[in-house]
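Breakdown of the fold
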Amino acid sequence: TMSPVENTIKEAKEESGKDVIVRSVISVQNRDNHNLPPYAYGVIKIFYLCEEIGGEFETNIETTEIAWFEEDELPKLAQEKCNEEQVHMCFEAYHTDHWKVQFD
């Protein structure tokens with residue numbers, strides 16, 4: 001069984017091709033309190049602040065391309081997965097020296 005951090009590192013590599021170090025927790029959220037539509041099953045989302053340390057993107061079964069976006073120029077998001085409020089929270093955590101973990 002992988003820990004949440006180990007799984008985050010694995011998923012970053014699988015989906016983006018990037019190697020990351022997990023630096024801290026940003027937030028722990030009950031998905032249904034933040035994303036619509038509600039799911040028939042429970043999901044707890046953990047947002048991490050990660051640092052990219054290497055790797056290269058390759059098209060894969062889950063990701064066709066990757067790109068960087070400015071906070072005020074976000075592309076259309078899959079709201080049921082991650083919404084603008086959650087992205088803004090991550091930017092705020094990145095820019096805050098002593099971020100306090102948010103949780104439901």
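The text that follows walks through the structure, step by step, so that each part is easy to find. (Residues numbered from 1 in each chain as written. Predicted model: local features only at pLDDT ≥ 70, side-chain atom pairs only at ≥ 80, totals over all residues. Heavy atoms only, no water.)

This part takes up the pattern of salt bridges. Per the counting criterion, the structure on display carries 6 salt bridges. The residue Lys13 makes a salt bridge to Asp19 at a minimum N-O spacing of 3.1 Å. For Lys13, a relative accessible area of 39% puts it in the partly exposed group. For Asp19, a relative accessible area of 28% translates into the label partly exposed. For Asp32, the salt bridge is made with Arg31, and the minimal N-O distance between the two is 2.7 Å. Linked through salt bridges whose partners overlap, the residues forming this network are Lys10, Glu11 and Glu14. (Salt bridge = Lys/Arg side-chain N within 4 Å of Asp/Glu carboxyl O. Buried < 20%, exposed > 50% of the residue type's maximum accessible area, 1.4 Å probe, protein only.)

Our focus in this paragraph is the sheet that holds strand β2 (residues 44-55). Taken in spatial order, the 3 strands of this open sheet run β2-β1-β3, and their pairing is mixed. The open sheet has two free edges, formed respectively by β2 and β3 (102-103), since each of these has just one partner strand. In the sheet, strand β1 (residues 18-30) pairs with β3 via 2 bridges, with the strands oriented parallel. Bridge pairing links Val28 to Phe103 in β3. Lying over the sheet, helix α1 (residues 4-16) contacts β1 and β2, oriented at roughly 120° with respect to β1. Packing of helix α2 (residues 84-95) onto the sheet brings it into contact with β1, β2 and β3, and relative to β1 it is tilted by some 120°. (Pairing = 2+ DSSP bridges. Helix = DSSP H or I, 4+ residues; strand = E, 2+ residues; numbered from the N terminus. Contact = heavy atoms within 4.5 Å. Axes fitted to C-alpha atoms, helices over the stretch in contact; angles between N-to-C directions.)

Moving on to the layout of surface pockets. Taken as a whole, the largest pocket holds about 2,400 Å³ of empty space. In terms of lining residues, the largest pocket is bounded by 42 residues, among which Glu15, Ser16, Tyr48, Cys82 and Cys90 are the most central. Within the residue set of the lining of the largest pocket, elements represented by two or more residues are α1, β1, β2 and α2. In terms of residues, the lining of the largest pocket owes the most to one element, β2, which gives 9 residues. When its residues are assigned to classes, the lining of the largest pocket shows 25 nonpolar, 4 polar and 13 charged. (1 Å grid on protein atoms, 1.4 Å probe; cavity = no way out; pocket = protein on both sides within 12 Å on 5 of 7 lines; lining within 4 Å. Points joined across faces, edges and corners; volume = space filled by probe spheres on them. Nonpolar A, V, L, I, M, F, W, Y, C, P; charged D, E, K, R; others polar.)

Right, let's talk about the packing of aromatic side chains for a bit. Throughout the structure, instances matching the rule amount to 1 aromatic pair. Both rings, one in Tyr39 and one in Tyr41, keep their centres 5.3 Å apart while their planes meet at 35°; by these two values the pair is tilted. With relative accessibility at 24%, the residue Tyr39 sits in the partly exposed group. (Phe/Tyr/Trp six-rings, centres within 6.5 Å; stacked < 30°, edge-to-face > 60°.)

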